[in-house]
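Residues per chain are reported as follows:
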Amino acid sequence: MSQTRTARTEHITRKQYEEARRENTNLLAKIEELEQENKALRRSVYEVNLRWQNSQMHKKIGGDTFDISRAMSRDASGTDENTSFDTKDKSSDGRFSCKKVLRGHGQVMHVIKYSPCGKWLAAGCGDCKIRIWANEDQHIGILEGHMMAVTDLSWSANSEFLASASLDYSVRMWNTKDFTLVNSVTLNHFVQSVGFLPNSTHTVFASTATKTLHVIDIRNPDNKNYWENEHLVNTIHVESSSYVLTGDSGGMLKTWDMRKRSCVDSFNNDSSAICHMNASTDAQETYLAVNSYDNVLRVYGEVTIGTQTGMELLHSVTGHITKNFPIRCSLYRGLEITPTERLEDTGNTYRDTEESHETLTVATGSADGIVRLFDVTRRDDSMPAREIQLLKGHTSRVYGVDFHPRKPMFASSSADGTVRVWATNSRSRR
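## Details of the overall build of the chain
Each helix and strand in the chain was counted, giving 2 helices and 31 strands. Per-residue burial for the chain yields a buried fraction of 51% across its 430 residues. Excluding contacts between residues fewer than 6 apart, the proportion of contacts in the chain whose partners are at least 24 apart in sequence is 49%. When the accessible surface of the chain is totalled, it reaches about 20,900 Å², and 46% of it is carbon and sulfur.

## Concerning the packing of aromatic side chains
By the definition in use, this model includes 11 aromatic pairs. For the ring pair W227 and W256, a centre distance of 5.6 Å and an interplane angle of 15° mean the geometry is stacked. With W227 in strand β14 (residues 224–228) and W256 in strand β17 (residues 252–257), the pair connects residues that are 29 residues apart, well separated along the chain. In terms of burial, W227 and W256 fall into one category: buried. When the centroid spacing of 6.3 Å and the interplanar angle of 20° are considered together, the rings of F410 and W422 count as stacked. Linking F410 in strand β30 (residues 409–414) with W422 in strand β31 (residues 418–423), this pair joins segments that are 12 residues apart in sequence. Chaining the aromatic ring pairs together yields one cluster made of F96, Y332, F403, F410 and W422.

## Re the environment of S272
When you line up the elements, S272 lands in the loop between β18 (262–268) and β19 (274–281). Using a relative accessible area of 9% as the deciding quantity, one classes S272 as buried. For the pair S272 and N291, spaced 19 residues apart in sequence, the C-alpha to C-alpha distance is 9.4 Å. Dropping the residues within four chain positions of it, S272 is found in contact with G251, S292, D294 and R298. Within the local environment of S272, its side chain forms a polar contact with the side chain of D294, the two groups lying 2.6 Å apart.

## A word on the sheet that holds strand β16 (residues 243–248)
Read across the open sheet, the 4 strands follow the order β15-β16-β17-β18; overall the sheet is antiparallel. The open sheet has two free edges, formed respectively by β15 (233–238) and β18, since each of these has just one partner strand. Sheet twist, expressed as the mean angle between neighbouring strand axes with direction ignored, is 25°. Bridging between β15 and β16 involves 5 bridges; their strand directions are antiparallel. The residue of β16 that forms the bridge with V238 is V244.

## Focus: the pairing of strand β8 (residues 161–166)
Taking burial as the measure, the 6 residues of β8 include 6 buried ones, the bulk of the element. The alternating pattern of β8 places F161, A163 and A165 on one face and L162, S164 and S166 on the opposite face, and all of these are buried. In terms of strand pairing, strand β7 (residues 150–155) meets β8 through 5 bridges, oriented antiparallel. Within β8, the residue paired with D152 across the bridge is A165. A loop of 5 residues connects β7 with β8, the two strands running antiparallel in sequence, and S159 in this loop sits at a positive phi of about 65°. Pairing geometry for β8 and strand β9 (residues 170–175), over 5 bridges, is antiparallel. Along β9, the bridge assignment pairs A163 with M173. Between β8 and β9, which pair antiparallel and follow one another directly, the connecting turn spans 3 residues, one of which, Y169, has a positive phi of 80°.

## So, the sheet that holds β9
The antiparallel open sheet is built from 4 strands, whose spatial order is β7-β8-β9-β10. One side of each edge strand has no neighbouring strand; the edge strands of this open sheet are β7 and β10 (181–186). Strand-to-strand twist of the sheet, defined as the mean angle between neighbouring strand axes without regard to direction, takes the value 15°.

## Describing the pattern of salt bridges
All chains considered together, the criterion is met by 11 salt bridges. For the salt bridge of D217 with R219, the shortest nitrogen-to-oxygen distance reads 2.9 Å. Looking at R219, the relative accessible area reads 58%, which means it is exposed. When the shortest N-O distance is used, the salt bridge between E230 and K254 registers 2.4 Å. Note that E230 is positioned in the loop between β14 and β15 and K254 in strand β17, a separation of 24 residues in sequence. Judged by its relative accessible area of 8%, K254 falls in the buried class. Each of K113, D152 and R328 takes part in one network of salt bridges that share partners.

## Regarding the pairing of strand β29 (residues 398–403)
A large share of β29 lies buried, amounting to 6 of its 6 residues. Where β29 lies against β30, 5 bridges are found, and the strand directions are antiparallel. Within β30, the residue paired with F403 across the bridge is F410. Counted between consecutive antiparallel strands, the loop separating β29 from β30 contains 5 residues.

## Section: the side chain of D152
Structurally, D152 can be placed in strand β7. On the accessibility criterion, D152 (5% relative accessible area) is buried. A polar side-chain atom of D152 sits 3.3 Å from a polar atom in the side chain of R328. Setting aside chain neighbours within four positions, we find D152 in contact with V111, K113, A163, S164, A165, Q192, S193, V194 and R328.

About the thresholds
Residues numbered from 1 in each chain as written. Predicted model: local features only at pLDDT ≥ 70, side-chain atom pairs only at ≥ 80, totals over all residues. Heavy atoms only, no water. Helix = DSSP H or I, 4+ residues; strand = E, 2+ residues; numbered from the N terminus. Buried < 20%, exposed > 50% of the residue type's maximum accessible area, 1.4 Å probe, protein only. Contact = heavy atoms within 4.5 Å. Areas by Shrake-Rupley, 256 points an atom, 1.4 Å probe, with all protein chains shown as cover. Phe/Tyr/Trp six-rings, centres within 6.5 Å; stacked < 30°, edge-to-face > 60°. Polar contact = N/O pair within 3.5 Å; in protein donor to acceptor, adjacent residues only side chain to side chain. Pairing = 2+ DSSP bridges. Axes fitted to C-alpha atoms, helices over the stretch in contact; angles between N-to-C directions. Salt bridge = Lys/Arg side-chain N within 4 Å of Asp/Glu carboxyl O.

Right under this line is the structure:
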């Protein structure tokens, strides 16, 4: 009887031990999962340790007032305290050199975006403000209202509106007639990216740190539709009025159908967490540059097999450093006109009088403060991408780069508190 009781007690003890061991294993797995999510969150948001700036809480929305007509007039000064000029590097061989340095009171410049019309240049900053320049050098105003760092910017296709995302959980929309606030929408967590719906002036997509992709109609901010994703959506590209492309911390590129309200296609970016992507699209082809946290920038091109269209990896370039920072990239596609070629002026357009060819160039920021340019043109001979230039001048991390919509020039934004405008003297065109 005693032996039976002892055996039963041992059996119960072993069972309780096994249950405790399984529970401990599950808890350890959950802890690991949470740690991975925490790491992904830290590298997805922009310096999350930025403290709430309480002094901004009660400031009047709208910031500095300014006269657009005066700012754009012929005698408007372009040399205020936010702007200086760098004229040391005078490149004449078709290579890029720094033409201007735009200063933002020493604040971190997280993101830089040209408007589609090419007239405006906007920078999202760590001091919760958005700085606006016209014609690459005239500082015309500061947009205030966000209460934490500005993480992303997006222009409407007609350049009449600017959307901004912030760690303060909000998306704000501004008009460019007088750069005043149109409306603001509060979401459920840090807002990491934002993108306008093409041909719309009121609908934007936004992703938050809760692994959700939101569709926002700024006219009806209370009507919040969202889709859930398995990982943090770090970057958005709105392809058309029906589809949006996302890149996430799980290394997946996904296409979402607005009508079906679901993911309809996915592509693995070599399982490398994506921090930013930039697309170049025309009627014939689409190219996609994808920057990842593994210090590799991948360039994909559209390929058609039978009736199916997909993306193929064209190039993988290295040399830049992310170090878990959200480093951005930008594509430039246009005709490369070498110094020996001539253009005939036909009035409103130029016509090649000698042979030229289209090239695809990608620029990327880097944690080492150097902007890198690569030739990533698709070639039949399978030649690898080549590094074109290393552009030095920034003294800290270069977060953002963005090519001008028409000219062979681009802007870079940095943690050193400056925006640099780089241009080439060759007559390339898009």
